[in-house]
Protein chains: 4
Amino acid sequence: MIFERQKSKIVSHLSYFIGSAGSAFVVDPTRDIQQYLELAKKHGIRIKYIFETHRNEDYIIGSLELAKNTGAEIFHGPWPTIKYGNVVEDGDEFTVGNLKVTALATPGHTPGCRSYTVTDMETGSRPVLVCTGDVLFIGDTGRTDFGGPENIKKWSRWMYESIQEKLLPLGDHVILCPAHGSGSVCGSRIASREYSTLGIEKIMNPQLAMNQDEFIKYKTAERHNYAPYFKRMEVLNVEGASEYGIGPIVNALSVNEFEDYINYGAIVVDTRPPPSFGSGYIKGSYNISIDRLSMAGWVLPYNELILLVLGNKAELNDTVTGLARIGYDNFAGYLTPSIVSWYLKAKPVERLGMLTTSELRARLEMEEWTVLDVRSAEEYEAGHIENSINIYVGTLPQHLTEIPKEKPIALICKSGTRSGFGCSILARLGVTNINNVMGGMTSWLAAGYPFIK
Amino acid sequence: MIFERQKSKIVSHLSYFIGSAGSAFVVDPTRDIQQYLELAKKHGIRIKYIFETHRNEDYIIGSLELAKNTGAEIFHGPWPTIKYGNVVEDGDEFTVGNLKVTALATPGHTPGCRSYTVTDMETGSRPVLVCTGDVLFIGDTGRTDFGGPENIKKWSRWMYESIQEKLLPLGDHVILCPAHGSGSVCGSRIASREYSTLGIEKIMNPQLAMNQDEFIKYKTAERHNYAPYFKRMEVLNVEGASEYGIGPIVNALSVNEFEDYINYGAIVVDTRPPPSFGSGYIKGSYNISIDRLSMAGWVLPYNELILLVLGNKAELNDTVTGLARIGYDNFAGYLTPSIVSWYLKAKPVERLGMLTTSELRARLEMEEWTVLDVRSAEEYEAGHIENSINIYVGTLPQHLTEIPKEKPIALICKSGTRSGFGCSILARLGVTNINNVMGGMTSWLAAGYPFIK
Amino acid sequence: MIFERQKSKIVSHLSYFIGSAGSAFVVDPTRDIQQYLELAKKHGIRIKYIFETHRNEDYIIGSLELAKNTGAEIFHGPWPTIKYGNVVEDGDEFTVGNLKVTALATPGHTPGCRSYTVTDMETGSRPVLVCTGDVLFIGDTGRTDFGGPENIKKWSRWMYESIQEKLLPLGDHVILCPAHGSGSVCGSRIASREYSTLGIEKIMNPQLAMNQDEFIKYKTAERHNYAPYFKRMEVLNVEGASEYGIGPIVNALSVNEFEDYINYGAIVVDTRPPPSFGSGYIKGSYNISIDRLSMAGWVLPYNELILLVLGNKAELNDTVTGLARIGYDNFAGYLTPSIVSWYLKAKPVERLGMLTTSELRARLEMEEWTVLDVRSAEEYEAGHIENSINIYVGTLPQHLTEIPKEKPIALICKSGTRSGFGCSILARLGVTNINNVMGGMTSWLAAGYPFIK
Amino acid sequence: MIFERQKSKIVSHLSYFIGSAGSAFVVDPTRDIQQYLELAKKHGIRIKYIFETHRNEDYIIGSLELAKNTGAEIFHGPWPTIKYGNVVEDGDEFTVGNLKVTALATPGHTPGCRSYTVTDMETGSRPVLVCTGDVLFIGDTGRTDFGGPENIKKWSRWMYESIQEKLLPLGDHVILCPAHGSGSVCGSRIASREYSTLGIEKIMNPQLAMNQDEFIKYKTAERHNYAPYFKRMEVLNVEGASEYGIGPIVNALSVNEFEDYINYGAIVVDTRPPPSFGSGYIKGSYNISIDRLSMAGWVLPYNELILLVLGNKAELNDTVTGLARIGYDNFAGYLTPSIVSWYLKAKPVERLGMLTTSELRARLEMEEWTVLDVRSAEEYEAGHIENSINIYVGTLPQHLTEIPKEKPIALICKSGTRSGFGCSILARLGVTNINNVMGGMTSWLAAGYPFIK
């Protein structure tokens, strides 16, 4: 049995390539399907099936293009009505070499969710692993809010039943293969443990110890953000996205070419760490760290050309692939070899303030400041600086009027990355006297400074 | 948690590199320790501990050299008295980043066997995986015959208790990390499944369903071979082997240089597939397929220079590392670029007969032949050709007088690889009229020809 | 200046990726254009131009698909009238970063051949390297016979003038970048030296020391083979071949699937070394060594499915890419994991005789044999076994009636590879009692056996 | 002929691995000899000889350790009296496969310099390439100042004769293989062209067009810095450095461990870009960009532990290897995963000022500033800001008293990297009000601001 787990940095997505005796299947392929074709070539094996666990909302799925390149058949659940592939029902079985794959209807995250168990027929008749999509994660369970407030209780109940009546009865021994790891927007408490079994989850995942009422109450109380780009992903994943091929080739641009594109309206995405960015950036840039690229989906329009400023040229391909996974394909190019070219040409740069938490504390005692906490509502409620305002970073443009602008502003998040992004959003909107708090609330708490819940 | 499983082709050995928060430990490192140092460099992590599950008998362990290079501490069980490292007792605990490692005394394979459980303290207090060494494999359990016939019952009982009372109680959810995979001499029934849990083993490993008496009876009836090289491994693994560094650099030799070494007494190991070998080989060569390199330990002396003829130059390093893992370090060189050089120089070659099973069957009906089955006694007993003689391939030199030499000889094994090795052994000893059966007993049975048990 | 030379195993083709300051050009890209896209991504550079030195006849050029993927402009000479790209005239100049590329009209190999000089404008105004296509090789010059016997003198004169009046005057210091290395059908004397300059060629390439009459006489006397697949390449390279994408994904086939395809008419290409092949092959197979894959173009039809038997699964991709470069795209699959599967299932195999040269000599003294020398006419004339017949391996099917079949046949070439191919061709045509001479004429001569010129 | 050019980032060193028919030689191996052993393994070839062009002063040579691992013989010139290997005289010849290597005495950079020509005997009797060490570079010639002012004229004359009478007569066609590329301290004008021939140099290297008097005058006028670490390299390269093995394994350190080492006296080297560094660094750190690691040799003591703060964890090994090449082996560890850990723990940070050139210009018009130009004397003389002070960055500690400290200080270099290093040196020495000029003099000139020569 060949088992390859493909991790993608952005959206912390996990897909699976599983094979046996000359055949294989892929679960939830991302758009950059070269990786699966390479695995097929490496193992000299045919991809026979593609299984989708659900209509994804946080990245573009690559099923159609992978099917076109391999002749594989696509299967997914019945909801929503996806315009390609086949619907698979609870209990449907598939043979892949010596493996038997069985579909399970596991609604909850969405009504049409499917899980897929894998049984190695050479060695027994009970499943050894299960791909659970966005229903059951390591340490967490999937969101149940995509049906809107009117459906959240029903969907949460479905999820409870799917987990307790369909998944856990498979046995403690079964290896768990979810669709996301730690860092995903699809589950805020996903553990950083990388390997788990249903039995490990029964012990360590507190949501599995709840009874039905507790679980529904818990899920209903969760507060998730809904990024604007989700809407676009949902449409593309129903209709089938355009082909990706080998992905965009992004041109190296000289300072003059780069400037021309800016004048033409292209938008700069600068992936450097916030302190580097803050020391000197090109006016109008978004500062989106490579580890948080999917945040782009909150603010970056789909109809504009994108220009890249990279912290490290070696990250070009990861950056491009990451943005392409959430649908950004129109790259004008990147500044070569780095932002230093811009400095060397004496082009104008902007700068942001940087504050350590001890500096912030000192300033707060002496002056009037606006502390703007850009974390999620859940994080804010768990502990924040007194008198701070909470606006989630992705929604800053919509809440611009709520921010007092006469006083200096200190943006804070957990560590400094999202607040760096927030600083760049505000600066782009013309706000001045913006400062990023290095180390964020983690540093604030480490220093023992006061906070309220 | 960083989890890297290192597979080594030869002896199907599995070692583990497991880390967390800047520290790591290695379980049962092989002699070519570069792989662990590279993992340490890749993850930017310090190897703090080396855990041995037992004194190995089938390969040279790399603990001492790895410790020397990293400052790691070595731990192993109390038996036999190993001349380096520290003894670890049942229940001893170690902290590695956020992980807790607990030693379990699990005698059976040897009296001093240790297993090591790993608990991720960030997420709970129960173990998530266990390294079981040669006690519990996927689909099999370890040999219990190394203490000799007088101890086999006692050691088998220990193993039963170790598995049933120490390992299985850890929980069905626990991921199983044994020291060998399919193909090892340390367990004849190891499954080719690569991932398992204690729960999966409870379902699929028939030996775990036996009661104590059944288990002891079963283990006592097992028949294993004891390769001569084991003795050498045991000594080296008690005393600590010589340093390996980056391993031998093996010289490319011209035909004349190669011939000079042969005349000087060096022994040729030819790793080509048996049909290629049989079509034209250098007199005196052993034909040892790269997939079965550890068979060399049956016949290859430790005090002679080794010459290599390769099927594929790209396999040079795997071949050298494989032989070095079982203690062969003295390489005179390899024939460059391939055996064709030998042919081009019109040097003398020997040839072996090849038979398909249909040809063998036809010959047996017409002539007197000696059919020599070189598989293990267990395999032979499960089904063989009538009137065939069974001598295990590794022991052919000691049983030479038992082989009738006046008739043509057909060597047969399961597929043709071991019989190819056997042909080369006999030819080297001066036997003539030797033929290799292509496809072996598998082909014979596929053709529906008669056999007896 | 970025300089990447891309070697392709098959047809010994060399293409070049040369760049500077964010832009690059490619000279003579092969069909598997992923390599250039990967270089563009690796260097973060835009491919601005594609230059063809001539309409190729021995492989499919990838210009159109590379242009489509990158937006690059294509340039080539005016002959023949290629249905894509632009015609470039002698002296046309292009700017690529800090480089200046200048086209030179260098007819001879064909009337429309172009060479391209590269000048690094940062460091001076004289060219530092020149891409010479099939006009000037390292140690040889290109064929001048593609215009037919009526044009060979004229084209040879053109070539003389191109070399002596256009290329050599560029200066001894200029680095030489030809389109083929040693082993190509485009020049029989290409040296195995990999790096050269025009000055080195003036010293070491004897054809550059000839005067015009000598050169024309020399070229006119050359004898080249014209493989049937050239015709197809020429058409595809005028019209633009179909897109290749990531290339064929070749399926792993079980023995039964493989047999089904054979029954359906698919043709087996077996890439094992001749001794392995001869020991047991599937009836009807062509034995084409991976190092000589382009020989397939002599016998393999373009309208049949191809089945592969590999010596080494690791060579699957090289084999597929190699065949695809000369237009073979229809792969039914390959036998997994190897020919041994076939043996294990007791499927019928054929066998060929093997002879060492000493055996051949002994047989010739005792019996009547047909010695069939399958090398080129030039090689044959330089020294062969008395009474041997010369038929070039690729043309065996057309000359079948000239081969005496009542006597045993020994096929011989230089080393045993082409004769192995020849054996498989004859066997497929029903000829029996075929033997391959191991080590070929090289071995015969090394043994000091008699030969005639 | 196998030709592998090994580039090393630090000190822009080039070494060569050249082989043929089973044997190879290495010219000027660096200390991390794994690369040559890997090449030997990859090509399946024996390293027979190691040739040193001269006693190096800017990096540790790996000859002794490479010889110990391979059995190769070492050869070098007679000056100084190196305590290992053999002296080679002008005209000495060596056979390596089909290659002939000939030593040439080419004094000038040092009295004992040797060049090595390579002739491919298969194709002719004239050399095809020459390894010239530090005598002739691409676009430049080597330093002649290591013998002190009293010898510079004599050594320059020797160099003139070596180039004009020994090297250039080899022929325009000869490929040039020097010991350094662009960026080396061994030649300030080395061109960024990567491939050259003696003929190309005759055209493009202005120093080759000078007559003897001009050349001596030119070389005598050159002004080079002599880094303190050179002295140590010279001693190690005469005596043979300690073994390097696989190089230091550098531990990942938590914030607390890192802080403990600082308190213990370890010195922090922070390789982030100056703007990142300036935004928040650990007190006492040196800011040494990865592209300029050898600058460490000016200030970093050899007897202290080194702590690393990395811009990118992927650069750990390059950083460690780079420092080790100039003799720094004592690494306490690196901060994991990055400086952000430090911020998160609310540990104290220092900050530096950043100025664009337009800001600098504006400030200079309004206030009294010290402009400290830390480039080399040669660069300074070619154009600098009026009233700026020139102290080479490496010598800042020795010239501390010359820097006015009552006014704010702006450090400037060519681009901002060396001035960032300078800022960190001054800050470490207690200087305050330090600012780094982004884009340096390049930006100043690009902006069209006034300068004087």
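Just so you know, these numbers come straight off a predicted model, no measurement behind them.

Trainee: Tell me about the overall build of chain A, and please be specific about residues and values.
Mentor: Helix and strand content of chain A: 14 helices and 21 strands. Since a compact globule built from 453 residues should have a radius of gyration of about 22 Å, the 23 Å found for chain A is in line with a globular shape. Across its three principal directions, the C-alpha atoms of chain A cover 70 × 50 × 35 Å. Residue burial in chain A is summarised as follows: out of 453 residues, 62% are buried. Sequence-distant contacts, at least 24 apart, represent 69% of the contacts inside chain A between residues at least 6 apart. Here chain A carries 44 positive and 51 negative side-chain charges, and the mean point of each set is 1 Å from the other.

Trainee: How would you explain the interface of chain A and chain C if you had to name every residue and give the values?
Mentor: Each side of the interface is counted separately: chain A has 22 residues, and chain C has 22 residues. Roughly 1,800 Å² is buried in total at the junction of chain A and chain C, and carbon and sulfur atoms are behind 51% of that figure. When the buried area of chain A at its contact with chain C is split by residue, Lys41, Arg46 and Ile246 of chain A rank highest and sum to 34% of it. Our count for the chain A to chain C interface comes out at two salt bridges. Run the count over chain A and chain C and you get six residue pairs in polar contact (both at pLDDT 80 or more). For the side of chain A that touches chain C, the secondary structure elements donating two or more residues are helix 1 (34-43), strand 12 (252-253) and helix 9 (316-325) of chain A. Element by element, the count of residues in the side of chain A that touches chain C is highest for helix 1 of chain A, at six residues. Partitioned by chemical class, the residues of the side of chain A that touches chain C number ten nonpolar, seven polar and five charged.

Trainee: I'd love a proper account of the pattern of salt bridges, names of residues and values included.
Mentor: Counting across every chain of the model gives 84 salt bridges over all chains. Note that arginine 351 of chain C and glutamate 359 of chain B form a salt bridge whose closest N and O atoms lie 2.7 Å from each other. Of this pair, arginine 351 of chain C sits in the loop between helix 11 (339-344) and strand 17 (353-355) while glutamate 359 of chain B sits in helix 12 (residues 357-366), placing the two residues on different chains. For glutamate 243 of chain C, the salt bridge goes to lysine 68 of chain C, with nearest N and O atoms at 2.7 Å. Residue glutamate 243 of chain C is found in the loop between helix 6 (228-239) and strand 12 (252-253), and its partner lysine 68 of chain C is found in helix 2 (residues 63-70); the two are separated by 175 residues along the sequence. Among the residues examined, glutamate 243 of chain C registers a relative accessible area of 48% and is labelled partly exposed. Exposure remark for lysine 68 of chain C: the relative accessible area of 59% places this residue in the exposed category.

Trainee: Help me get a handle on the relation of the copies chain A and chain C, residues and values and all.
Mentor: In the superposition of chain A on chain C (RMSD 0.1 Å, axial shift 0.1 Å), the rotation amounts to 180°. Overall, the copies show the geometry of a two-fold rotation axis. Both copies share a contact surface, since 100% of the interface residues of chain A are interface residues in chain C too.

Trainee: Could you give an account of the sheet that holds strand 12 (residues 252-253) of chain B, with specific residues and numbers?
Mentor: Residue and element names in this part refer to chain B. Pairing is parallel in the open sheet, where five strands are placed in the order 12-16-15-13-14. The sheet is open, and its two edges are formed by strand 12 and strand 14 (286-287), each paired on a single side. Sheet topology note: the strand 15 (residues 306-309)/strand 16 (residues 331-335) ladder contains three bridges and is parallel. Counterpart to leucine 308 in the pairing with strand 16 is tyrosine 334.

Trainee: Before we move on, can you summarise the interface of chain D and chain A with the specific residues and values?
Mentor: A common way to state how big an interface is: give the accessible area lost once the parts meet. Counting residues at the interface gives 25 residues for chain D, matched by 25 residues for chain A. Counting the surface lost from both chain D and chain A, the interface buries some 1,800 Å², and carbon and sulfur atoms represent 60% of this. Seen at the junction of chain D and chain A, the total is two salt bridges. At the boundary of chain D and chain A, one finds ten residue pairs in polar contact (both at pLDDT 80 or more).

Trainee: Tell me about the packing of helix 3 (residues 152-167) of chain C against helix 5 (residues 212-221) of chain C, residues and numbers included.
Mentor: All names here are of chain C. Where helix 3 meets helix 5, the closest approach of the two axes is 9 Å, and the angle between their N-to-C directions is 130°. Our classification of the angle between helix 3 and helix 5 gives oblique. Judged by the twist between their axes, the crossing of helix 3 over helix 5 is right-handed. On the side of helix 3, the interface is formed by Ile152, Lys153, Ser156, Arg157, Met159, Tyr160, Glu161 and Ile163, while helix 5 contributes Gln212, Phe215, Ile216, Lys219 and Thr220. Split by residue class, the contact of helix 3 with helix 5 holds six nonpolar, three polar and four charged.

Trainee: If you had to explain the nonpolar core to someone new, which residues and values would you point to?
Mentor: Inside soluble globular proteins, nonpolar side chains tend to come together where they are buried. Residues and elements named next belong to chain A. One finds Leu308, Leu372, Leu396, Leu411 and Leu426 to be the most contacted residues of the largest nonpolar core, which totals 51 residues. Of all the elements in the fold, those that place two or more residues in this core are helix 6 (228-239), strand 13 (267-270), strand 15 (306-309), helix 9, strand 16 (331-335), strand 20 (409-412) and helix 13 (417-428). Per element, the largest residue contribution to this core is four residues, and it comes from helix 13. The contacts of leucine 411, once residues within four sequence positions are left out, are Leu372, Val374, Leu396, Ser419, Gly422, Cys423, Leu426, Ile434, Asn435, Asn436 and Val437.

Trainee: Describe in detail unusual backbone geometry, supporting the description with residues and values.
Mentor: In this chain, threonine 336 of chain B is followed by proline 337 of chain B through a cis amide linkage whose omega measures -10°. Along the chain, proline 337 of chain B falls in the loop between strand 16 and helix 11 (339-344). One non-glycine residue with positive phi stands out, namely aspartate 28 of chain A, at about 55°. Of note, aspartate 28 of chain A is situated in the loop between strand 3 (23-27) and helix 1. Its relative accessible area of 2% is what places aspartate 28 of chain A among the buried residues.

Trainee: Before we move on, can you summarise the sheet that holds strand 18 (residues 370-373) of chain C with the specific residues and values?
Mentor: Pairing between the strands of a sheet is mediated by backbone hydrogen bonds and can be parallel or antiparallel. Residue and element names in this part refer to chain C. Here we have five strands laid out as an open sheet, ordered 17-21-20-18-19, and parallel in their pairing. With partners counted over all chains shown, the strands left at the sheet margins are strand 17 and strand 19 (389-390), one partner each. The pairing of strand 20 (residues 409-412) with strand 21 (residues 434-437) spans three bridges and is classified as parallel. Bridge assignment links isoleucine 409 to a residue of strand 21, and that residue is isoleucine 434. Sitting on the sheet, helix 12 (residues 357-366) touches strand 17, strand 18, strand 20 and strand 21, and the angle it makes with strand 17 is about 95°.

Trainee: Can you lay out the pairing of strand 8 (residues 99-105) of chain C for me, pointing to particular residues and giving the numbers?
Mentor: Residue and element names in this part refer to chain C. Burial analysis of strand 8 places six of its seven residues in the buried class, the great majority of the element. In the sheet, strand 7 (residues 93-96) pairs with strand 8 via four bridges, with the strands oriented antiparallel. Note that in strand 8 the partner of phenylalanine 94 across the bridge is valine 101. From the end of strand 7 to the start of strand 8, which pair antiparallel, there are two residues, and glycine 97 there has a positive phi angle of about 60°. In this structure, strand 8 lies alongside strand 9 (residues 114-120), joined through seven bridges in antiparallel fashion. Counterpart to valine 101 in the pairing with strand 9 is valine 118.

Trainee: Can you explain helix 6 (residues 228-239) of chain B? Please cite residues and give values.
Mentor: All names here are of chain B. Within the span of helix 6, buried status applies to Tyr229, Phe230, Met233, Glu234, Asn237 and Val238. Where helix 6 is buried, its residues touch helix 9 (296-299) and helix 10 (316-325). Once helix 6 ends, the next one or two residues include glycine 240, with phi positive near 95°.

Trainee: I'd like a rundown of the pairing of strand 10 (residues 129-133) of chain A, residues and numbers included.
Mentor: Residues and elements named next belong to chain A. For strand 10, the tally of buried residues reaches five of five residues, placing the bulk of the element in the interior. Side-chain alternation along strand 10 places Leu129, Cys131 and Gly133 on one buried face and Val130 and Thr132 on a second face that is also buried. With three bridges joining them, strand 9 (residues 114-120) and strand 10 adopt antiparallel strand pairing. The residue of strand 10 that forms the bridge with tyrosine 116 is cysteine 131.

Trainee: Tell me what's going on with the side chain of serine 285 of chain C, and back it up with residues and numbers.
Mentor: Residue and element names in this part refer to chain C. Here serine 285 lies in the loop between helix 8 (274-279) and strand 14 (286-287). For serine 285, a relative accessible area of 1% corresponds to the buried category. Polar contacts involving the side chain of serine 285 include one to the main-chain carbonyl oxygen of isoleucine 282, which spans 2.5 Å. Residues contacting serine 285, with those up to four places away along its chain left out, are Val268, Asp270, Phe277 and Ser424.

Trainee: Please set out helix 14 (residues 417-428) of chain B residue by residue, giving values where relevant.
Mentor: Residues three or four positions apart in an α-helix share a direction because the helix packs 3.6 residues into each turn. Residues and elements named next belong to chain B. Across its twelve residues, helix 14 extends 17 Å between first and last C-alpha, which sits within 8% of the 16 Å expected from 1.5 Å per residue. Among the twelve residues that make up helix 14, nine are buried, leaving the element largely enclosed by the rest of the structure. Looking at the residues trailing helix 14, positive phi occurs at glycine 430, about 95°.

Trainee: Now, about the packing of aromatic side chains: what can you tell me, with residues and values included?
Mentor: Using the criterion set out here, one finds 88 aromatic pairs over all chains in the structure. Arranged with centres 5.0 Å apart and planes meeting at 70°, the rings of tryptophan 444 of chain D and tyrosine 449 of chain D form a pair that is edge-to-face. Comparing tryptophan 444 of chain D with tyrosine 449 of chain D, the two get one shared label, buried. By the ring-pair criterion, three or more aromatic residues cluster together here, those being Phe25, Tyr49, Phe51, Phe75, Phe94 and Tyr116 of chain A.

Trainee: Any chance you could break down the confidence of the model for chain A for me, citing the residues and the numbers?
Mentor: Interpretation of this model should avoid reading the predicted coordinates in detail wherever pLDDT is low. On average, chain A scores 92 in pLDDT, and the residues at 70 or more come to 98%. Taken together, the chains of this predicted complex give a pTM of 0.86 and an interface ipTM of 0.88.

Procedures and definitions
Residues numbered from 1 in each chain as written. Chains lettered and ligands numbered in written order. Predicted model: local features only at pLDDT ≥ 70, side-chain atom pairs only at ≥ 80, totals over all residues. Heavy atoms only, no water. Helix = DSSP H or I, 4+ residues; strand = E, 2+ residues; numbered from the N terminus. Rg over C-alpha atoms; globule rule 2.2 N^0.38 Å. Buried < 20%, exposed > 50% of the residue type's maximum accessible area, 1.4 Å probe, protein only. Contact = heavy atoms within 4.5 Å. Lys, Arg positive; Asp, Glu negative; His and termini not counted. Charge placed at Lys NZ, Arg CZ, Asp CG, Glu CD. Buried area = accessible area lost by both parts, 1.4 Å probe. Salt bridge = Lys/Arg side-chain N within 4 Å of Asp/Glu carboxyl O. Polar contact = N/O pair within 3.5 Å; in protein donor to acceptor, adjacent residues only side chain to side chain. Nonpolar A, V, L, I, M, F, W, Y, C, P; charged D, E, K, R; others polar. Least-squares fit on C-alpha atoms with pLDDT ≥ 70 in both. Pairing = 2+ DSSP bridges. Axes fitted to C-alpha atoms, helices over the stretch in contact; angles between N-to-C directions. Parallel < 35°, antiparallel > 145°, perpendicular 65-115°, else oblique. Left-handed = near helix turned anticlockwise from the far one by under 90°. Core = buried A, V, L, I, M, F, W, Y, C linked by side-chain atoms within 4.5 Å. Expected span 1.5 Å × (residues − 1). Phe/Tyr/Trp six-rings, centres within 6.5 Å; stacked < 30°, edge-to-face > 60°. pLDDT = per-residue confidence, 0-100.

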